[in-house]
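# A look at the structure
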Amino acid sequence: MVTKREDWNDETKILVMRGLVLDKFLYNVKLADKLLATEDAILIEGNTWDDVFWGVCDGKGENWLGKILMDVRTELRRREDQSIGFGVK
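Since the model is a prediction, treat every value here as computed from it, not as a measurement.

### A few points about the overall build of the protein chain
The number of helices and strands found in the protein chain is 3 helices and 0 strands. Seen in sequence order, the protein chain has helices and strands lined up from the N terminus as α-α-α. Along the longest, intermediate and shortest principal axes, the C-alpha atoms of the protein chain span 45 × 30 × 20 Å. Buried positions account for 31% of the 89 residues belonging to the protein chain. The long-range fraction of contacts in the protein chain, counting pairs at least 24 apart against all pairs at least 6 apart in sequence, stands at 55%. Computed over 14 positive and 17 negative side-chain charges, the separation of the two mean positions in the protein chain equals 4 Å.

Dropping the structure here:
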């Protein structure tokens, strides 16, 4: 049996997912380039399995994954602008 963390709420899920997604793009230049290539597009995690927390289904949903991706894209741009760099080739 798995015990759920006491603090496992929506805010915690979002923070954990943001960290994972940021790491994914920080350590993969090819993926980072693809995300940056979306420029200022609104990113929507569309789905057909009724996930209205992370995405959008039938025009309804909170789209947290899309919001996180857009936030990570902004962070990657900031790092580029400040010459911090990211990724491994």
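### Here's the deal with the side chain of R79
Its location among the elements puts R79 in helix α3 (residues 64-81). Residue classification places R79 among the buried residues on the basis of a relative accessible area of 18%. Excluding residues that lie within four positions of it along the chain, R79 makes contacts with L26, I84, G85 and F86.

### Considerations on the side chain of D51
As for its position among the elements, D51 is in the loop between α2 (29-36) and α3. Here D51 occupies a buried position and makes no salt bridge, while the nearest side chain of opposite charge, K13, is found at 8.2 Å. Setting aside residues no more than four positions away along its own chain, D51 makes contact with V56 and C57.

### A closer look at α3
Helix length check: α3 (18 residues) gives 26 Å between terminal C-alpha atoms against 26 Å at 1.5 Å per residue, within 8%. Those residues of α3 lying buried are G66, I68, M70, V72, R73, E75, L76 and R79. Buried residues in α3 make contact with α1 (10-26) and α2. A positive backbone phi angle near 55° is found at S83, which sits one or two residues after α3.

### Observations regarding the pattern of salt bridges
All told, the structure shown has 6 salt bridges when counted by the stated rule. D7 is paired through a salt bridge with R5; the nearest N and O atoms lie 2.8 Å apart. A salt bridge links R77 to D40, with the shortest nitrogen-to-oxygen separation between them at 3.2 Å. Of the two residues, R77 sits in helix α3 while D40 sits in the loop between α2 and α3, which places them 37 residues apart along the sequence. The class for R77 is partly exposed, based on a relative accessible area of 25%. A relative accessible area of 64% means that D40 is categorised as exposed. Taken together, the salt bridges that share partners define one network made up of E75, R78 and R79.

Each value, and the rule that gives it
Residues numbered from 1 in each chain as written. Predicted model: local features only at pLDDT ≥ 70, side-chain atom pairs only at ≥ 80, totals over all residues. Heavy atoms only, no water. Helix = DSSP H or I, 4+ residues; strand = E, 2+ residues; numbered from the N terminus. Buried < 20%, exposed > 50% of the residue type's maximum accessible area, 1.4 Å probe, protein only. Contact = heavy atoms within 4.5 Å. Lys, Arg positive; Asp, Glu negative; His and termini not counted. Charge placed at Lys NZ, Arg CZ, Asp CG, Glu CD. Salt bridge = Lys/Arg side-chain N within 4 Å of Asp/Glu carboxyl O. Expected span 1.5 Å × (residues − 1).

Any link to function would need more than the numbers given here.
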